[in-house]
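Okay, here's what each chain looks like letter by letter:
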Amino acid sequence: MNDDRQVVVIGSGPAGAAAARELVALGIRVTMLESGTSLPEGLLLRLGRRNFFRRAPQAGEEGRHLVSGDPRTVCYVKLAPGGLSNCWTGAVLRFAPEDFTEGGRLHERYVWPVTYSDLAPHYEKVERYIGVSGDTHDVPQLPAGFVTYEEHLPDDWKDVAEAAGKHGQGLTTYPLADGPPNMLVRRGTAFNSYTEVVRPLLASPHFQLKTGAHALQLQWSPAKGRVDAVIYHDRATGATERIEASAVIVACGPLGSAKLLHNSTSSDFPHGLGNSNGVLGCYLHDHPREWWSFEMERPRQILSPSAYLTRLPYDSSPPLLATSWTFGTASTADRIRSRFGGKATSVGVQMIGTMIPTAECFAKPSARQKDEFGLPALEVHIHYSDAEVQNVVDARQHLMNVLEEAGSRATIGDIVPTLFPGTIAHYGGTARMHSNPRYGVTDAWNRVHDAPNVLVCDASSFTTAAEKNPTLTVMALATRAAARLAHDLARA
Ligand SMILES: Cc1cc2nc3c(=O)[nH]c(=O)nc-3n(C[C@H](O)[C@H](O)[C@H](O)COP(=O)(O)OP(=O)(O)OC[C@H]3O[C@@H](n4cnc5c(N)ncnc54)[C@H](O)[C@@H]3O)c2cc1C
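All of the points below concern the structure found in this document.

Basis of the calculations
Residues numbered from 1 in each chain as written. Predicted model: local features only at pLDDT ≥ 70, side-chain atom pairs only at ≥ 80, totals over all residues. Heavy atoms only, no water. 1 Å grid on protein atoms, 1.4 Å probe; cavity = no way out; pocket = protein on both sides within 12 Å on 5 of 7 lines; lining within 4 Å. Points joined across faces, edges and corners; volume = space filled by probe spheres on them. Nonpolar A, V, L, I, M, F, W, Y, C, P; charged D, E, K, R; others polar. Pairing = 2+ DSSP bridges. Helix = DSSP H or I, 4+ residues; strand = E, 2+ residues; numbered from the N terminus. Buried < 20%, exposed > 50% of the residue type's maximum accessible area, 1.4 Å probe, protein only. Lys, Arg positive; Asp, Glu negative; His and termini not counted. Salt bridge = Lys/Arg side-chain N within 4 Å of Asp/Glu carboxyl O. Contact = heavy atoms within 4.5 Å.

**Some remarks on empty space enclosed by the protein**
Next up, step 1: Going through the model one piece at a time under the given rule, you end up with five cavities of 30 Å³ or more.
Next up, step 2: In this structure, the largest cavity encloses a volume near 130 Å³.
Next up, step 3: Lining of the largest cavity is provided by 18 residues; of these, Asp-135, Pro-143, Ala-144, Gly-145 and Pro-175 occupy positions nearest its centre.
Next up, step 4: Among the residues forming the lining of the largest cavity, the class breakdown is eleven nonpolar, four polar and three charged.

**Regarding the sheet that holds strand 12 (residues 207–211)**
Strand pairing in a sheet takes place through backbone hydrogen bonds and is either antiparallel or parallel in direction.
Next up, step 1: Taken in spatial order, the six strands line up as 12-2-1-16-25-24 in an open sheet, and their pairing is mixed. With partners counted over all chains shown, the strands left at the sheet margins are strand 12 and strand 24 (447–448), one partner each.
Next up, step 2: Inspection of the sheet shows strand 1 (residues 7–10) paired to strand 2 (residues 30–34) by four bridges, in the parallel sense. Looking at the pairing, Val-8 lines up with Thr-31 of strand 2.

**A look at the side chain of Asp-234**
Next up, step 1: Topologically, Asp-234 is positioned in strand 14 (residues 226–234).
Next up, step 2: Buried charge without a salt bridge: Asp-234, with Lys-210 as the nearest opposite-charge side chain at an N-O distance of 7.0 Å.
Next up, step 3: For Asp-234, the contacting residues outside a window of four places in its chain are Gly-212, Ala-239 and Glu-241.

**Comments concerning the pattern of salt bridges**
Next up, step 1: Summed over the entire model, instances satisfying the criterion amount to 25 salt bridges.
Next up, step 2: Salt-bridge contacts for Arg-49 lead to Glu-151; the nearest nitrogen and oxygen are separated by 2.8 Å. Linking Arg-49 in the loop between strand 3 (43–47) and strand 4 (50–55) with Glu-151 in the loop between strand 9 (149–150) and helix 3 (158–166), this pair joins segments that are 102 residues apart in sequence.
Next up, step 3: When its relative accessible area of 5% is taken as the criterion, Glu-151 is described as buried.
Next up, step 4: With its nearest N and O atoms 2.6 Å apart, the salt bridge here joins Asp-99 to Lys-468. Taken together, the residues Asp-99 in the loop between strand 7 (76–77) and helix 2 (116–130) and Lys-468 in the loop between strand 25 (451–456) and helix 8 (471–491) connect sequence positions 369 residues apart. Comparing Asp-99 with Lys-468 shows no difference in burial state: the two are buried.
Next up, step 5: Each of Lys-224, Asp-228, Arg-242 and Glu-244 takes part in salt bridges that share partners, so that together they form one network.

Printed below as a string of structure tokens:
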């Protein structure tokens, strides 16, 4: 490859970090632009495979986004090295093969252009370096990944696993990027994409990081027929800078990436880069989620790490409507007791439901509000349909039924009101991948159909949202896209 070729990666969260890591490993020169300036502090004490103390920084709510649709919508961002991985829980679940295809039961627009087998080697590559704690066995609707630290369900939950099995579901231990069994670090999470991926890259002559560099626009060159530079605001000097690029990886998170592409207007793309078919920003989706607790008639072993009950089988569920249940304890005392086989009757649950992405939920430029740089602010318009809310509500009772069938009646306790958009910070779909540009902004390699030297590598690219936490799939897609880009650049 010619020495003047470089890829500009925008964002150092899990998506940008995974892409940069792959490019540098393949000998490609990378400059990463990161809007944030310093790593937020936190504290994590992990002993004997349990997190005894964890203080993670709060995800900030970006007031600059304009919210319409459900007025309770929240838009968490972390403009900092490592992005939201400074705050995340670290649940790393693979999608199942059907998660990429089942939307076809509704319409071809819901079929991903990638399959599980396309992604499987990239899942494993990421799992190997993030260090997953979990079970090594597949369960229905959840393939096991590569596990570094084995964890198993306590024996006295095996009857619940059997009862779940009768519904075609699996009960397993929650796969987490929890890191080594013992650690004391000044950050809030065991895996942070800056400390674990980006910082080690700084030793490579192929890698450069510019912090305080907030990307404003991608610059389209009509003469070259491609994007050839990124315009950014340098927070240290206040100047507007330009950096040349052979290719650009956009990884600002699903709202930030949509905003950057929308703001990248030119005479060839007056409505934003990648928006020739009006799809950019549409199909915004999120995970309706709910927190509650239940009380069992008889105590069972404390779950730490949590247990994960997989969704109902695809053929017995309406298309694209599913729920998963994660249950365990949030109490430090219980975590300590769990190490010694302690039992309890009270259990906390997080349920994650799905949305059916439509053009009615979107992230588009506001006609009336500007951001701090004078560019259109982003309007985030999202709400859950009645069916999406009901799907989550019905799922409460399903878990109670499974417990009762396992011989331990339980009653639902307090329900925390979190059933409104954004509370789980799992937005996606704003630059969705689809083989047909009518239905997608990006192709199967995360390349913008209109501008193939621009790759959108965060959950913007999700065609649909499974009921599983998104970040592992984001990182696997980013790794796969970067590997293809490196291959193409080497041949150019
Ligand atoms: C409390 C909490 C718990 C979570 N738990 C889980 C979990 O258990 N499992 C899971 O899968 N997911 C979880 N998530 C979600 C997860 O954190 C995100 O899916 C993940 O961080 C997304 O990675 P990303 O790289 O796409 O975006 P981000 O992490 O948001 O990173 C985006 C990066 O881009 C930078 N940036 C943004 N705009 C610009 C710009 N214009 N120019 C330059 N840089 C820019 C930001 O500073 C940031 O570094 C959780 C989130 C929260 C808040």
